[in-house]
Amino acid sequence: MSAKRTTPSSNLFAAAGLEQDAPRPLPEKLRPHALADVVGQDHILGPDGALTRMLETRTLGSLVFWGPPGTGKTTVARLLADATDLHFEQISAVFSGVADLKKVFDAARARRETGKGTLLFVDEVHRFNRAQQDSFLPVMEDGTVVLVGATTENPSFELNAALL
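## Quick look at the pattern of salt bridges
Part 1: For the structure on display, the rule yields six salt bridges.
Part 2: When the shortest N-O distance is used, the salt bridge between Arg31 and Glu28 registers 3.1 Å.
Part 3: Using a relative accessible area of 32% as the deciding quantity, one classes Glu28 as partly exposed.
Part 4: Of the charged contacts, one joins Glu89 and Arg111 as a salt bridge, the two residues approaching to 3.6 Å between their closest N and O atoms. Note that Glu89 is positioned in strand E2 (residues 87-92) and Arg111 in helix H6 (residues 98-113), a separation of 22 residues in sequence.
Part 5: Given a relative accessible area of 22%, Glu89 falls into the partly exposed group.
Part 6: Note on Arg111: relative accessible area 16%, which makes it buried.
Part 7: Salt bridges here are not isolated pairs; linked through shared partners, they connect Lys102, Asp106 and Arg109.

Below you can see the structure in the form of structure tokens.
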């Protein structure tokens, strides 16, 4: 008798084909699937935009997105990871601490050893204290992660200078 193996991402609903019929919130249904589908922000995502030029030259650096809630900061970060073939890892500064950061950094290092990069999206990055913000510096500098921070607060006042 053989048992069917399941992958970590599979579940009973996916196996039954019910997952695609599950109700999804309207914003999730309307979320862009490519950077070209993002409306607005032409100075960043348009033909001459900063991110467009970065992607064309394959030189995506760490970034901080600043704006009000619901403006697409997370969506653009996910799309950047897809466009650059980086593993997307998301944490929230509201719910994460030093131990969580260490786990994320260790996983990114392991991924890097296999040739896969990591785009680390940190939501509400301004909520990390100065010491926690400093913990990002070594992994950014050695290329372990490309950091994309999102904040609703002015980063000039809320993020330490080294991180900026």
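## Topic: the nonpolar core
Part 1: Counting residues in each nonpolar core, the largest one holds 20 residues, and the members touching the most others are Leu51, Leu60, Phe65, Val76, Leu80 and Leu119.
Part 2: Where this core is concerned, the elements lending two or more residues are helix H4 (50-56), strand E1 (63-66), helix H5 (73-84), strand E3 (118-123) and strand E4 (146-151).
Part 3: Beyond its immediate sequence surroundings of up to four residues, Leu51 is in contact with Ile44, Leu45, Leu60, Leu63, Phe65, Val76 and Leu80.
Part 4: Counting residues in each nonpolar core, the second largest holds 17 residues, with Ile91, Phe105, Leu120 and Leu137 among its members.

Each value, and the rule that gives it
Residues numbered from 1 in each chain as written. Predicted model: local features only at pLDDT ≥ 70, side-chain atom pairs only at ≥ 80, totals over all residues. Heavy atoms only, no water. Salt bridge = Lys/Arg side-chain N within 4 Å of Asp/Glu carboxyl O. Buried < 20%, exposed > 50% of the residue type's maximum accessible area, 1.4 Å probe, protein only. Helix = DSSP H or I, 4+ residues; strand = E, 2+ residues; numbered from the N terminus. Core = buried A, V, L, I, M, F, W, Y, C linked by side-chain atoms within 4.5 Å. Contact = heavy atoms within 4.5 Å.

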